[in-house]
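Survey of secondary and tertiary structure
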Amino acid sequence: MKKIGILSAMIIMAIGAKAQDCDALLLPYFRNDAGRMEDFKTFSPEKFEWRCAYVRSAFYEADTIPAGADVYPISRVKSAFTDEYLSDDYVVDLYTLSYFAYNFKEFQLSYPRGNKVLCFATPSSRHPYLVLNSLDETNRLATELWESERAR
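Turning our eyes to something else, we now look at the nonpolar core. Ranked by internal contacts, the top residues of the largest apolar core, which has 33 residues, are F59, Y99, F104, F120 and L130. Setting aside chain neighbours within four positions, we find F104 in contact with F59, V77, L97, S98, Y99, F120, L130 and L132.

Below is the structure:
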């Protein structure tokens, strides 16, 4: 059953992957400095593409909580730039939600083994849960996505 959920998440990510704007998703990684981001893209295009794959692999939306996942209210997530917390009625948009714009990594790092899936309750969204893959799973999925895109 768990494999079916992961497979479904990967299919959803693959369908939406091309629609996601890498520049918008990665701009927060560069502290919203577009010039710095463009320089990085010019001198390290493969690293930029891998980071984009990483951001696109970090999340998926779900109707149920994955087995063993810890659940938090979305209002525990805060902006990396303003320290403002998201509202309880936050609506998820995976095409614009950047892993680097919020404190998602802090949540992941509170689990030292790197293998914990986390969920955020998003009752106002189309799906009631935003799932944050574990660090290990995000890295694995990002590498697979990056390699498949390079092979095209």
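So, about the pairing of strand β3 (residues 118-121). In this sheet, β3 lies alongside strand β2 (residues 70-73) in parallel orientation, the contact comprising four bridges. The residue of β3 that forms the bridge with V71 is C119. Following the backbone out of β2, through helix α5 (residues 104-109) and into the adjacent parallel β3, one traces a crossover that is right-handed. With four bridges joining them, β3 and strand β4 (residues 129-132) adopt antiparallel strand pairing. Across the sheet, L118 pairs through a bridge with L132, a residue of β4.

Now for the sheet that holds β2. Taking strand neighbours across the sheet as the criterion, the four strands line up as β1-β4-β3-β2 in an open arrangement whose pairing is mixed. Either end of the sheet is taken by a strand with one partner, and the two such strands are β1 (59-62) and β2. Between one strand axis and the next, the sheet turns through 30 degrees on average, direction left out of account. Set on the sheet, helix α4 (residues 45-58) makes contact with β1 and β4; between it and β1 the angle comes to about 20 degrees.

This part covers the state of the cysteines. Applying the stated criterion across every chain yields a total of one disulfide. Between the sulfur of C22 and that of C52 lies a disulfide, 1.8 Å long from S to S. Residues C22 and C52 are joined by a disulfide whose S-S torsion is about -75 degrees; by sign, that bridge is left-handed. Of this pair, C22 sits in helix α2 (residues 22-26) while C52 sits in helix α4; the two residues are 30 residues apart in sequence, bridging distant segments of the chain.

What counts as what
Residues numbered from 1 in each chain as written. Predicted model: local features only at pLDDT ≥ 70, side-chain atom pairs only at ≥ 80, totals over all residues. Heavy atoms only, no water. Core = buried A, V, L, I, M, F, W, Y, C linked by side-chain atoms within 4.5 Å. Buried < 20%, exposed > 50% of the residue type's maximum accessible area, 1.4 Å probe, protein only. Contact = heavy atoms within 4.5 Å. Pairing = 2+ DSSP bridges. Helix = DSSP H or I, 4+ residues; strand = E, 2+ residues; numbered from the N terminus. Right-handed = clockwise from strand over helix to strand, strands pointing away. Axes fitted to C-alpha atoms, helices over the stretch in contact; angles between N-to-C directions. Disulfide = S-S within 2.5 Å.

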